[in-house]
Amino acid sequence: LSFLSSLTSPIYRYLDRFILGFFGNVGDVSGFVLIRRIDNFIRQVLNAPLSIAVINISSNPNYFYKFFKKYLIFSFFLFISELILGYLLLIIIGGKTFLKFYFSLILFSFAFLISAIFSIFILKERVSNNPKPFLIFNTSFVIFYFILSIMLFKFFGYNGIALSFLLSTIISNLISICFKI
């Protein structure tokens, strides 16, 4: 299952760039890649406490409840940081021209926050030797992201891709939680 999950990661990591490059204009790719990198950076910062939590939760299931509150506060702090850092980086790197990508960054930031909330529950299942929610999330995310990106890009351009990321995150997390049994 881990192998199958690892195959889905590159698909959703580069799908947006492919769609923007193929259907959009090349100028939008650089701004969009910048906001994706900001979002990925924030996600990596959150992965550090999650990695440590896996060890503690597997050895002490009660740790989950202690960790959860701190994790939510930290996630919300990172969400706010992404909005502020993203705005500043868009201004510094691209000037006012790149500010048109800020709405997409807001959508990615909300997807981050939703992922952070749900990921702790998926992590708990994975620690309990139930990788099914993780696999279901990754698989459904790629499917929804692919379909929604193409559909929404036609109507909203690069904001449609960011919106498809947010919607795919919500839908896939709900599906993975529902099928955790």
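Note that the coordinates shown come from a computational prediction; the quantities given were computed from them, not determined experimentally. (Residues numbered from 1 in each chain as written. Predicted model: local features only at pLDDT ≥ 70, side-chain atom pairs only at ≥ 80, totals over all residues. Heavy atoms only, no water.)

J.: In this structure, what is going on with the pattern of salt bridges? I would like to understand it.
T.: Counted by the stated rule, this structure contains 2 salt bridges. One salt bridge connects Asp 28 with Lys 100, and the closest N-O pair in it is separated by 3.1 Å. Of this pair, Asp 28 sits in helix 2 (residues 26–59) while Lys 100 sits in the loop between helix 3 (63–98) and helix 4 (102–127), placing them 72 residues apart in sequence. Here Asp 28 falls in the buried class, since its relative accessible area comes to 10%. Notably, a salt bridge pairs Asp 39 with Arg 43, separated by 2.7 Å at the nearest N-O pair. Taken together, the residues Asp 39 and Arg 43, both in helix 2 and 4 residues apart, mark about one turn of the helix. For the pair Asp 39 and Arg 43, a shared accessibility class is recorded, and that class is buried. (Salt bridge = Lys/Arg side-chain N within 4 Å of Asp/Glu carboxyl O. Helix = DSSP H or I, 4+ residues; strand = E, 2+ residues; numbered from the N terminus. Buried < 20%, exposed > 50% of the residue type's maximum accessible area, 1.4 Å probe, protein only.)

J.: Would you mind showing me how to read the nonpolar core here?
T.: One broad rule of soluble globular proteins: the nonpolar side chains tend to lie buried together. Residues Leu 20, Phe 32, Ile 35, Phe 101 and Ile 161 are the most contacted members of the largest nonpolar core, which totals 28 residues. The set of elements that each furnish at least two residues to this core consists of helix 1 (2–23), helix 2, helix 3, helix 4, helix 5 (132–156) and helix 6 (158–178). Residue contributions to this core peak at 7 residues, all from helix 4. Not counting residues up to four positions away in its chain, the partners in contact with Phe 101 are Asp 28, Gly 31, Phe 32, Ile 35, Leu 90 and Tyr 158. (Core = buried A, V, L, I, M, F, W, Y, C linked by side-chain atoms within 4.5 Å. Contact = heavy atoms within 4.5 Å.)

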